[in-house]
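A look at the structure
Chain residues, written in single-letter form:
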Amino acid sequence: MANPLAQQVERILISAVGEFIAKATVKKNCQQIGTTPDDLQPSQLQELANNIEKSVSFFSGKEVGAEVAEKIRELAR
């Protein structure tokens with residue numbers, strides 16, 4: 001993954017769900033919003049954060065999901 005933005009999202013996720021799940025989560029959630037990790041744009045971060053929040057909440061709890069999503073949203077600012 002060469003896109004620095006997707007790499008930042010992945011790093012945020014690693015702290016919450018581990019490396020393997022983080023990589024899969026970024027890839028799957030990018031697909032769900034119609035892009036790939038390599039093509040992810042700042043304008044897509046809000047939608048990506050919403051999707052990832054649901055995924056992380058399922059695995060790690062609602063509080064962790066909300067925290068991860070907020071960190072991802074901050075990348076767009």
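As shown above, the structure is provided for reference.
Definitions and limits used
Residues numbered from 1 in each chain as written. Predicted model: local features only at pLDDT ≥ 70, side-chain atom pairs only at ≥ 80, totals over all residues. Heavy atoms only, no water. Helix = DSSP H or I, 4+ residues; strand = E, 2+ residues; numbered from the N terminus. Rg over C-alpha atoms; globule rule 2.2 N^0.38 Å. Buried < 20%, exposed > 50% of the residue type's maximum accessible area, 1.4 Å probe, protein only. Salt bridge = Lys/Arg side-chain N within 4 Å of Asp/Glu carboxyl O. Core = buried A, V, L, I, M, F, W, Y, C linked by side-chain atoms within 4.5 Å. Expected span 1.5 Å × (residues − 1). Arc of directions from axis to C-beta. Contact = heavy atoms within 4.5 Å. Polar contact = N/O pair within 3.5 Å; in protein donor to acceptor, adjacent residues only side chain to side chain.

Points about the overall build of the protein
A tally of helices and strands in the protein yields 4 helices and 0 strands. For the protein, the succession of helices and strands along the chain, N to C, is α-α-α-α. For a compact globule of 77 residues, the expected C-alpha radius of gyration is about 11 Å, and the protein comes in at 11 Å, within 12% of that figure. Going through the 77 residues of the protein one by one, you find that 38% of them count as buried.

Considering the pattern of salt bridges
For side chains bearing opposite charge, pairing can occur when the charged atoms are close. Under the definition given, this model contains 5 salt bridges. A salt bridge links Lys-23 to Glu-10, with the shortest nitrogen-to-oxygen separation between them at 3.1 Å. Separated by 13 residues along the polypeptide, Lys-23 in helix H2 (residues 19-32) and Glu-10 in helix H1 (residues 4-17) bring together distant segments of the chain. You can call Lys-23 partly exposed: its relative accessible area is 41%. Among the ionic pairs, Arg-77 bridges to Glu-70, the shortest N-O distance being 3.2 Å. Through salt bridges with shared partners, a single network forms among Glu-10, Glu-19 and Lys-23.

Points about the nonpolar core
Judged by nonpolar contacts, the single largest core of 19 residues is most densely connected at Val-9, Leu-13, Leu-40, Leu-48, Ile-52 and Ile-72. When residues of this core are traced back to their parent elements, those giving at least two are H1, H2, helix H3 (45-60) and helix H4 (62-75). A per-element tally of this core places H1 first, with 6 residues.

What to know about H1
With 14 residues, H1 ought to run about 20 Å at 1.5 Å a step, and its terminal C-alpha atoms sit 20 Å apart, in line with that. Of the residues making up H1, those classed as buried are Leu-5, Ala-6, Val-9, Glu-10, Ile-12, Leu-13 and Val-17. The arc that holds the buried residues of H1, viewed along the axis, is 160°, so those residues lie on one side. Relative to its buried face, H1 has exposed residues pointing more than 90 degrees away, namely Pro-4, Arg-11 and Ser-15. Against the buried residues of H1 lie H2, H3 and H4. One side-chain oxygen at the N-terminal end of H1 lies 2.8 Å from the backbone nitrogen of Leu-5; it belongs to Asn-3. Two residues or fewer after H1 comes Gly-18, characterised by a positive phi angle close to 90°.

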